[in-house]
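# Understanding the architecture of this molecule
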Amino acid sequence: MTFNLPKLLLLPFSWLYAAVLAGRNWLYDRGWKRSVAFAGLPVISVGNLRVGGTGKTPHVAWLVEWLRARGQQPALLSRGYGRRTRGYRLATALDSAATVGDEPWQQFGQFGGAVPVAVSENRVAGIRQLLAEMPRLTAVVLDDAYQHRRVRPAINILLSEQQRPFYTDFVLPAGRLRESRAGAARADAVIITKCAPDLSEAARAAITAQVRRYARPEVPVLFSAYEYGPPVPVPGTAAAGGACAPGSGGEVVLLTGIAQPGPLLVHLAAAGYRVAHHARFADHHAFTPAEIAALAAQCQPGQRVLTTQKDAARLQEPALAASVADLPVFYIPITVRFLADGEARLASLLGPYFPLPAVG
């Protein structure tokens, strides 16, 4: 990270903030602040040191699919950032991004309701409530809980972007880290995300050496890349009513409310799409009818609107139903692919907690 004068002036505040968080972590590490473990229920925490945009949601989906393929019965629990409700809430078909948050609502739809998705600011209380309602659960995946020390996970997975690694960043407000780089020492695995699919062995080794300055030496450092699928119609829009998906090479209008739209733009360019207009909003932005009307005004005849799966979850808000009904909106699905032997190494870490059922 390069520094200009304003950032240099903010450094003392970053040091103060980092010191406060270091003190909090020290109290947890020494057991002076209570951390709860759940005997017999492996809890997997997925999170980051940097604010936003590291790819938590698709990695959480990968974990859930791995657990289900293993015969497990997992549940997802997050805080539900951006929702307009409070307390514990188990997502149902009657919910929306407003009631459970955009990412939990996306996850609920992605798994078709087959995986319990709950939100709670108090993760300890949330896990206890999930167990009370579903005593047959065999795992809980915590989304964005790396700094939530009140739960002691069985496995702590830290994500960091290749283009914005935690080891070059600084604590807020001078940088974008939620806590100091030393927080990587709590990780049981570090995944470098959004990598170039052809990232060389030498580049992976250089990144691993940097991570090892902060993570424990035995911790695996893994690498993953995004794989983008073909456009999918967004329910409630003209796309779901039969509008044709945009063809490669066509002009599209792009709508994003995510932290880092850069990788998506790179993919669209490589796939031959031409972005005629990009309506870019902040992460977790709650779209308004006026903003959707402005977007529709930018969409010329024959053009389609592309968005992300997380943004699609927010576009399905009841308050936006009339605004999006005539718009041909498609989302681009994302899945995670591990580079080299990353998938096998992560499975090796998870395997002892989730043994395959005995045959015969």
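Attention in this report is confined to the structure presented alongside it. This is a predicted model, so every value here is computed, not measured.

### A look at the packing of aromatic side chains
- Considering all chains together, one arrives at 8 aromatic pairs under this definition.
- On the numbers, 5.0 Å between centres and 90° between planes, the contact of tryptophan 26 with tryptophan 32 is edge-to-face.
- For tryptophan 32, a relative accessible area of 63% puts it in the exposed group.
- Look at tryptophan 66 and phenylalanine 354: their rings are 6.3 Å apart centre to centre, the planes differ by 75°, and that puts the pair in the edge-to-face class. Taken together, the positions of tryptophan 66 in helix H2 (residues 56-69) and phenylalanine 354 in the segment after helix H11 (342-350) put the pair 288 residues apart, joining distant regions of the chain.

### Focus: helix H6 (residues 201-211)
- Taken together, the buried positions of H6 are occupied by Arg204, Ile207, Thr208 and Val211. Here the buried residues of H6 occupy an arc of 105° about the axis, which is enough to place them on one side.
- Against the buried residues of H6 lie strand S7 (189-193) and strand S8 (221-228).

### Here's the deal with the sheet that holds strand S5 (residues 139-143)
- Read from one edge to the other, the open sheet built from 9 strands follows the order S3-S4-S2-S5-S1-S6-S7-S8-S14, with strand pairing classed as mixed. Strands with a single pairing partner mark the edges of an open sheet, and in this sheet they are strand S3 (89-90) and strand S14 (334-338).
- Note that S3 and strand S4 (residues 117-119) share 2 bridges and pair antiparallel. Note on S4: the bridge partner recorded for leucine 90 is alanine 118.
- Most of the contacts of helix H4 (residues 102-110) go to S4, to which it runs at about 165°, and overall it touches strand S2 (74-78), S4 and S5.
- On the sheet, H11 packs against strand S1 (43-48), strand S6 (155-161), S7, S8 and S14 and is oriented at approximately 120° with respect to S8.

### Some words on a positive patch on the surface
- A cluster of basic residues, Lys33, Arg34, Arg128, Arg150 and Arg152, forms a positive patch at the surface.
- Relative to the assigned elements, arginine 150 resides in the loop between S5 and S6.
- Judged by relative accessible area, which is 37%, arginine 150 ranks as partly exposed.

### Looking at the pairing of S7
- For S7, a buried count of 5 out of 5 residues is recorded, marking the element as mostly surrounded by other parts of the structure.
- Judged by which residues are buried, S7 turns out to be covered on both faces: Ala189, Ile191 and Thr193 on one side and Val190 and Ile192 on the other are all buried.
- Bridging between S6 and S7 involves 5 bridges; their strand directions are parallel. When the bridges of S7 are listed, leucine 159 appears paired with isoleucine 191.
- As paired strands, S7 and S8 are joined by 3 bridges and run parallel to one another. Within S8, the position partnered with valine 190 by the bridge is valine 221.
- The handedness of the S7 to S8 crossover, carried by H6, is right-handed.

### Some points on helix H5 (residues 123-133)
- The complete set of buried residues in H5 reads Arg123, Val124, Gly126, Ile127 and Leu130. Along H5, the residues classed as buried sweep out an arc of 165° about the axis, all on the same side.
- Those residues of H5 that are buried lie in contact with S1, S2, S3, S4 and S5.
- For H5, the N-terminal capping position is held by asparagine 122, with its side-chain oxygen 3.2 Å away from the main-chain nitrogen of valine 124.

About the cut-offs
Every chain is numbered on its own, with residues counted from 1 as its sequence reads. Per-residue local features are limited, in this predicted model, to residues with pLDDT of at least 70; the limit for side-chain atom pairs, both in listing and counting, is 80 or more; totals at the level of whole chains, interfaces and linings are taken over all residues. Calculated side-chain values reflect all of the structure's heavy atoms, with hydrogen atoms and water omitted. Stacked, edge-to-face and tilted are the three classes for Phe, Tyr and Trp ring pairs, Trp counted by its six-membered ring, which pair at centre distances within 6.5 Å; planes under 30 degrees apart are stacked, over 60 edge-to-face, the rest tilted. Burial classes follow relative accessibility: with a 1.4 Å probe on protein chains only, a residue under 20% of its type's maximum area counts as buried, one over 50% as exposed, and anything between as partly exposed. Strands here mean DSSP runs of E at least two residues long; helices mean DSSP runs of H or I at least four residues long; both are numbered from the N terminus. This arc describes the spread of directions from the helix axis toward the C-beta atoms. What makes two residues a contact is simply this: any of their non-hydrogen atoms within 4.5 Å. We call two strands paired when DSSP finds no fewer than two bridges between them. Fitted lines through C-alpha atoms give the axes, limited to the stretch in contact for helices. The angle between two N-to-C directions lies from 0 to 180 degrees. Within the patch definition used here, like charges are joined within 9 Å and nonpolar side chains (Val, Leu, Ile, Met, Phe, Trp, Tyr) within 5 Å, considering only residues with over 30% relative accessible area and no salt bridge. Values of accessible area rely on a 1.4 Å probe in the Shrake-Rupley scheme; residue burial ignores everything except the protein chains shown. We define a salt bridge as a contact between a side-chain nitrogen of Lys or Arg and a carboxyl oxygen of Asp or Glu at a distance within 4 Å. Positive: Lys, Arg. Negative: Asp, Glu. His and the chain ends are not part of the count. Here the site of a charge means NZ on Lys, CZ on Arg, CG on Asp, or CD on Glu. Classification remark: right-handed applies to a crossover when, strands pointing away from the viewer, the course from the first strand over the helix to the second runs clockwise. A 3.5 Å cut-off defines polar contacts: any pair of N or O atoms within that distance qualifies, except that in protein one atom must be a possible hydrogen donor and the other a possible acceptor, and neighbouring residues in sequence count only when both atoms are side-chain atoms.

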